[in-house]
2 protein chains.
Amino acid sequence: MQEQRNKAQLAATIDHTLLKPDAMKDQITKLCDQAIANSFAAVCVNPFYIEHVAERLKQTKVQPCTVIGFPLGANTSFAKSREAHEAVGKGAREIDMVINIGALKAGEYKFVLDDISSVVNMSGAARVKVIIETCFLTDDEKKVACEASARAGAHYVKTSTGFGSGGATAKDIKLMRSVVGNDLKIKASGGIRTLEQAQDMLDAGAARIGTSSGIAIIESLME
Amino acid sequence: MQEQRNKAQLAATIDHTLLKPDAMKDQITKLCDQAIANSFAAVCVNPFYIEHVAERLKQTKVQPCTVIGFPLGANTSFAKSREAHEAVGKGAREIDMVINIGALKAGEYKFVLDDISSVVNMSGAARVKVIIETCFLTDDEKKVACEASARAGAHYVKTSTGFGSGGATAKDIKLMRSVVGNDLKIKASGGIRTLEQAQDMLDAGAARIGTSSGIAIIESLME
């Protein structure tokens, strides 16, 4: 049975997200205004728009969030960490970075850790969420990625980019929770389009829901 | 009717490509060795692997190629141009960058031009290919993107990332050719998996074929 949550509680978990490559500034403005009106947790956009979002969300509690090394994660650590640094300078308060999936799968754990650390170190006071892109990983690889995220001082582990072959599952949330305990929070993302799905993720232990369907989800609760 | 090409002529058009986020170093090494053995034009990988590719291709005619702002293009111009600069420093001889699609669709042509110019200017002697991601564009937008690429001093216009909702078509190659004439070359990419498709793109005016199916395409020719 799903836990009962009221509108405010649910809204406070939603990262209102638009990462499509053809998104235009007007759509991003609307996204911000919707997030403010609904008291969502954050607005998550590509780096090109973070300055505009930070400006639009000024003097509200909604956090400006951007994505780094997104969605493939196969950039150099230098490029990722500099991209994060630039984004924080432009007003990002949350940084959702993608791990180096190929390095993880090749067993280069030290590199994966250093890659995350480089972004954490260049993100100042911003919260860092580490996207482990579960769809490409074995359960053991998911665990290693969570451990590395914790050791690197990240604030969240996050399931998916939404651009891979699969998204969040309650099973993965539970697995991630079993590794990070209460030290890190968990963000569920990728393919979450309904209230039912969102509630399942929260029940499994997620603290945030990354979705482009935040309005629909909130409206379902009110029906 | 398709123009006749022998194996060497066809191979010289192929950018042997592996951009999957879970690609491991061993696969990239194999990709390089296949490209050398078949005398392909280039090996195209994510930035994390460009240093390894440049080392592996040293003293061969195969060009080390990487992708910038890939695949969404919605990074800042600063991040894109620095990522290109770093890649060239690590041995990239070809730079496949993604335009800012949202800015183009919003009519911010000056920005789109400056964004491309920033990458061209930071890429030194490397060839720059501008991915216009045709699947998101109207024909007019495709034309504007080609014009901007020419004005910015790029060397190629390229159809697709392979991560969007569609790939290369002969119709788009002809449209792009009608804008850039012989000043820029054209790279067809996205969904090209057969010899038939590759020949169609070359007949339409493409000079390069970006594909992860280079071996299968070449082997079809020899049957």
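Just so it is clear, the model here is predicted, and its values are computed rather than measured. (Residues numbered from 1 in each chain as written. Chains lettered and ligands numbered in written order. Predicted model: local features only at pLDDT ≥ 70, side-chain atom pairs only at ≥ 80, totals over all residues. Heavy atoms only, no water.)

Enquirer: So, the pairing of strand β5 (residues 127–131) of chain A: which residues are in play, and what are the values?
Expert: All names here are of chain A. For β5, the tally of buried residues reaches four of five residues, placing the bulk of the element in the interior. Bridge count for strand β4 (residues 94–98) against β5 is five bridges, and the pairing is parallel. Across the sheet, the residue bridging to I95 is V128, located in β5. In the sheet, β5 pairs with strand β6 (residues 156–158) via three bridges, with the strands oriented parallel. (Buried < 20%, exposed > 50% of the residue type's maximum accessible area, 1.4 Å probe, protein only. Helix = DSSP H or I, 4+ residues; strand = E, 2+ residues; numbered from the N terminus. Pairing = 2+ DSSP bridges.)

Enquirer: Before we move on, could you go through the pairing of strand β7 (residues 185–189) of chain A and cite the residues and values that matter?
Expert: All names here are of chain A. Across the five residues of β7, four count as buried, placing the element largely inside the fold. With helix α8 (residues 170–180) bridging β6 and the parallel β7, this β-α-β connection has right-handed handedness. Relative to strand β8 (residues 208–211), β7 runs parallel, the two being bridged by three bridges. Bridging from a neighbouring strand, A188 pairs with I209 of β8. In this fold, β7 hands off to helix α9 (residues 195–204), which returns the chain to β8; that crossover is right-handed. (Right-handed = clockwise from strand over helix to strand, strands pointing away.)

Enquirer: Tell me about the environment of Y156(A), and please be specific about residues and values.
Expert: Residues and elements named next belong to chain A. Here Y156 is to be found in strand β6. Once the C-alpha coordinates of Y156 and K90 are considered, the two residues, 66 residues apart in sequence, prove to be 21 Å apart. For Y156, the side chain forms a polar contact with the side chain of R208, separated by 3.5 Å. (Polar contact = N/O pair within 3.5 Å; in protein donor to acceptor, adjacent residues only side chain to side chain.)

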